[in-house]
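Architecture at a glance
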Amino acid sequence: MTNKTAFQNALSLIAGGVNSPVRAFASVGGEPLFIKSGTGALIKDIEGHEFIDFVQSWGPLLFGHGDRDIQKACKEALKRGVSFGAPTLCESRLAQLILENFPHLDKIRFVSSGTEATMSAIRLARGFTGRAKILKFEGCYHGHSDSLLVSAGSGAATFNTPSSLGILQENATNTLVATYNDIESVEALFAKHKDIACLIIEPIAGNMGLVPGDVEFLQKLQKICRQNETLLIFDEVMSGFRASFLGSFGLNGIEADLVTFGKVIGGGLPAAAFAGRAEIMDCLSPLGGVYQAGTLSGNPLAMAAGIASLSKAKGKKNLYKKLGKLAKRLTSGLSDLAAERGVPFQACFVGSMWGYFFAKDPVKNYQDALKSDLKLFAKFHHNMLKNGVYLAPSQFETGFICDKMNDKIIDRTLEAAKKSFKAL
């Protein structure tokens with residue numbers, strides 16, 4: 001079966017042919033690849049083509065595909081049972097592995113997806129503060145729950161409008177939207193609204209492409225939240241244990257009131273979490289009045305994979321230094337190749353996360369990202385596929401380096417990029 005026929009068959013069975021929209025290749029055109037297998041840094045599609053994979057399941061695979069330690073942990077857990085709907089020791093073990101690294105986080109609650117984590121953290125913030133409004137940033141994606149799936153209105157200091165059918169206006173109107181890396185837009189909202197329960201942000205934005213938050217900007221967010229008794233939520237579903245072992249906290253030391261985790265903490269299986277100070281977390285049922293539940297929350301297979309993933313990341317000396325070095329080589333090399341061809345191009349990295357834009361000016365927020373040349377991106381994406389490199393099929397996504405990559409992989413990628421830029 002070819003990728004084309006597989007997609008046609010999927011379209012007749014699955015809404016849109018995919019179970020998450022970006023997989024459909026709508027942003028770049030053509031049919032998506034149907035993946036048959038993955039080993040380390042490489043994947044193979046059902047037609048037998050091999051690709052260097054910089055998607056890495058959108059971030060969870062810090063150690064690449066088919067990591068033996070994670071597989072072993074999953075096999076051992078599988079023998080004991082796939083699910084119990086009851087407490088297990090592995091839940092507490094993974095909780096300890098996460099919390100012991102963050103002095104400002106006392107307790108944690110596991111869920112199955114990043115969307116659940118951010119949705120639950122916001123409900124908890126509203127319950128703790130007794131306030132209704134939340135503040136988010138244009139271009140930061142925190143999952144598809146109703147109060148978060150909104151886009152900017154007519155300016156940063158306004159209520160927002162739904163960006164999806166099925167979301168009621170009354171849900172969206174309690175969501176305020178500010179401009180990323182622009183503290184004045186945040187100050188304007190706080191001056192106008194005194195009932196903001198929480199401010200949620202990706203401190204290292206990965207859903208408008210990779211756009212790091214300026215440290216001074218993040219520090220000012222923490223200050224303004226404290227002044228207004230608003231909870232600060234750092235969404236580190238993507239950057240947690242990715243940008244560094246401690247995520248953004250390991251880079252800037254800023255303590256958020258609540259932090260959401262995902263991806264790496266599940267080692268490739270569905271797992272996410274939210275954590276915070278005891279006085280906040282104890283508002284959750286069964287101790288408090290904020291309800292949250294999930295049949296597969298703390299699933300033993302996911303917990304086993306997470307324990308193996310984080311234990312390996314913690315124990316592997318110079319892991320993040322190595323990943324950052326490779327990311328730097330890759331982004332610098334791509335920038336040089338683009339410059340040789342006179343192609344407008346911006347690239348950056350944070351730890352094992354990296355991204356690029358076909359834009360002439362640096363990207364600091366979502367509006368900057370929207371100035372990118374999407375047609376050029378689509379051409380480059382398909383050129384790279386032809387040359388054996390699998391990149392995220394959207395300008396507004398982030399790439400990932402895994403531990404199974406090395407200088408030879410980067411050399412092959414840059415050689416493919418050289419051909420791909422030339423073909424533009």
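Keep in mind it's a predicted model, so treat the numbers as computed, not measured. (Residues numbered from 1 in each chain as written. Predicted model: local features only at pLDDT ≥ 70, side-chain atom pairs only at ≥ 80, totals over all residues. Heavy atoms only, no water.)

What follows is about the sheet that holds strand E9 (residues 196–201). Reading across the sheet, the seven strands line up as E4-E14-E13-E12-E9-E5-E8 and stay open at both edges, with mixed pairing between neighbours. Edge positions in the open sheet fall to strand E4 (107–111) and strand E8 (175–178), since each of these has one partner strand only. Ignoring strand direction, the axes of neighbouring strands in this sheet form an average angle of 20°. Bridging between strand E5 (residues 133–137) and E9 involves three bridges; their strand directions are parallel. Across the sheet, the residue bridging to isoleucine 134 is cysteine 198, located in E9. (Pairing = 2+ DSSP bridges. Helix = DSSP H or I, 4+ residues; strand = E, 2+ residues; numbered from the N terminus. Axes fitted to C-alpha atoms, helices over the stretch in contact; angles between N-to-C directions.)

Let us look at the sheet that holds strand E15 (residues 346–350). In space, the three strands of this open sheet follow the order E15-E16-E18, with antiparallel pairing throughout. Either end of the sheet is taken by a strand with one partner, and the two such strands are E15 and strand E18 (399–400). Inspection of the sheet shows E15 paired to strand E16 (residues 353–357) by five bridges, in the antiparallel sense. Residue pairing in the sheet places valine 350 in a bridge with methionine 353 of E16. Packing against the sheet, helix H11 (residues 319–341) makes contact with E15 and E16, and its axis sits at approximately 175° to E15. (Contact = heavy atoms within 4.5 Å.)

Before going further, it helps to spend a moment on the packing of helix H2 (residues 68–80) against helix H10 (residues 300–315). It is at 8 Å that the axes of H2 and H10 come closest, and there the two elements cross at 150°. Judged by the inter-axis angle, H2 sits roughly antiparallel to H10. Relative to H10, the crossing made by H2 is right-handed. Together, Asp69, Ile70, Ala73, Cys74, Ala77 and Leu78 of H2 and Pro300, Leu301, Ala304, Ala305, Ala308, Ser309 and Lys312 of H10 make up the contact between the two elements. Grouping the amino acids of the contact of H2 with H10 by side-chain chemistry returns 10 nonpolar, one polar and two charged. (Parallel < 35°, antiparallel > 145°, perpendicular 65-115°, else oblique. Left-handed = near helix turned anticlockwise from the far one by under 90°. Nonpolar A, V, L, I, M, F, W, Y, C, P; charged D, E, K, R; others polar.)

With that settled, consider the pattern of salt bridges. Any two side chains of opposite charge can pair, given that their charged atoms come close. A full pass over the atoms with the stated rule returns 15 salt bridges. Among the salt bridges present, the one from aspartate 214 reaches lysine 364, with a minimum N-O distance of 2.7 Å. One end of the pair, aspartate 214, is in the loop between strand E11 (211–212) and helix H7 (215–227); the other, lysine 364, is in the loop between E16 and helix H12 (366–369), and 150 residues separate them in sequence. Since its relative accessible area comes to 30%, aspartate 214 is described here as partly exposed. (Salt bridge = Lys/Arg side-chain N within 4 Å of Asp/Glu carboxyl O. Buried < 20%, exposed > 50% of the residue type's maximum accessible area, 1.4 Å probe, protein only.)

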